[in-house]
Amino acid sequence: VPTQNKLGAIAAGLAQAFNAQHVQGVDQNGQAGGNFFAALSGSSSAASTNTGTANIAVGLTDVGQIGSNNYILKYDGSNWSLSDAVTGASTPMSGSGTASDPFVAAGMSFQVSGSAASGDSFLIQPLNSVAGQMQMAITDPAKIAAASS
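Just so it is clear, the model here is predicted, and its values are computed rather than measured. (Residues numbered from 1 in each chain as written. Predicted model: local features only at pLDDT ≥ 70, side-chain atom pairs only at ≥ 80, totals over all residues. Heavy atoms only, no water.)

Draft legend 1. Seen up close, the layout of surface pockets. Of the voids in this model, the largest pocket is the one considered here, and its volume is about 160 Å³. If you go around the largest pocket, the residues you meet are Ala 12, Ala 15, Gln 16, Asn 19, Asn 35, Ala 38, Ala 39, Leu 40, Leu 60, Thr 61 and Val 63. The element that contributes the greatest number of residues to the lining of the largest pocket is helix α1 (residues 2–22), accounting for 4 residues. (1 Å grid on protein atoms, 1.4 Å probe; cavity = no way out; pocket = protein on both sides within 12 Å on 5 of 7 lines; lining within 4 Å. Points joined across faces, edges and corners; volume = space filled by probe spheres on them. Helix = DSSP H or I, 4+ residues; strand = E, 2+ residues; numbered from the N terminus.)

Draft legend 2. Looking closely at the packing of aromatic side chains. According to the stated counting rule, one finds 6 aromatic pairs in the structure shown. Between Phe 18 and Phe 36, the ring centres sit 4.7 Å apart and the planes meet at 50°, which makes this aromatic pair tilted. A residue pair is termed long-range when its members are at least 10 positions apart, and Phe 18 in helix α1 and Phe 36 in the loop between β1 (25–26) and β2 (41–46) qualify at 18 residues. Of the residues examined, Phe 18 reaches a relative accessible area of 37% and is grouped as partly exposed. In this structure an aromatic cluster arises from ring pairing among Tyr 75, Trp 80, Phe 103 and Phe 122. (Phe/Tyr/Trp six-rings, centres within 6.5 Å; stacked < 30°, edge-to-face > 60°. Buried < 20%, exposed > 50% of the residue type's maximum accessible area, 1.4 Å probe, protein only.)

Draft legend 3. The arrangement of α1 in detail. Between its terminal C-alpha atoms α1 stretches 30 Å, which fits the 30 Å expected from 21 residues at 1.5 Å a residue. Taken residue by residue, α1 has Asn 5, Gly 8, Ala 11, Ala 12, Ala 15, Asn 19 and His 22 as its buried positions. Each buried residue of α1 lies within a common arc of 130° when the element is viewed along its axis, so the set occupies one face. The exposed residues of α1 that point more than 90 degrees off its buried face are Pro 2, Thr 3, Lys 6, Ile 10 and Gln 21. On its buried face, α1 is in contact with β1, β3 (55–60), α2 (63–66) and α3 (130–133). (Expected span 1.5 Å × (residues − 1). Arc of directions from axis to C-beta. Contact = heavy atoms within 4.5 Å.)

Draft legend 4. Quick peek at unusual backbone geometry. For Ala 106, which is not glycine, the phi torsion reads 50° and is therefore positive. Within the secondary structure, Ala 106 sits in the loop between β7 (103–105) and β8 (108–113). For Ala 106, a relative accessible area of 17% translates into the label buried.

Pasting the structure below:
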């Protein structure tokens, strides 16, 4: 798992840095560049003891903040909390977990769908499967933004 997370961090960092540079250029048609690589996402797994129907969508917002560990997202019946799965250290979050106001913490965003029950928890693996997700967002070579404006 640590090796998969580190490989995922490299892939996500490459995609994020490349996209940041690509949007600053212009393509063959003189149009501003868009994302070169498609958006990447982390994964979540519900604990087998969960009684609610909640699902968690994990977005990556700042790969440099994520680190190489996984996280545990817990619901106590009224509040959500996030902690490092290895150290147990609490990780502060902002937001409400909705589509319009997702939880944001440690370079990730979390959108909750369905209903969580008190005691439900989720293993958050932000980088574990990211390397396998890498794909180009553009298919037309003329859209490669290799020139400056």
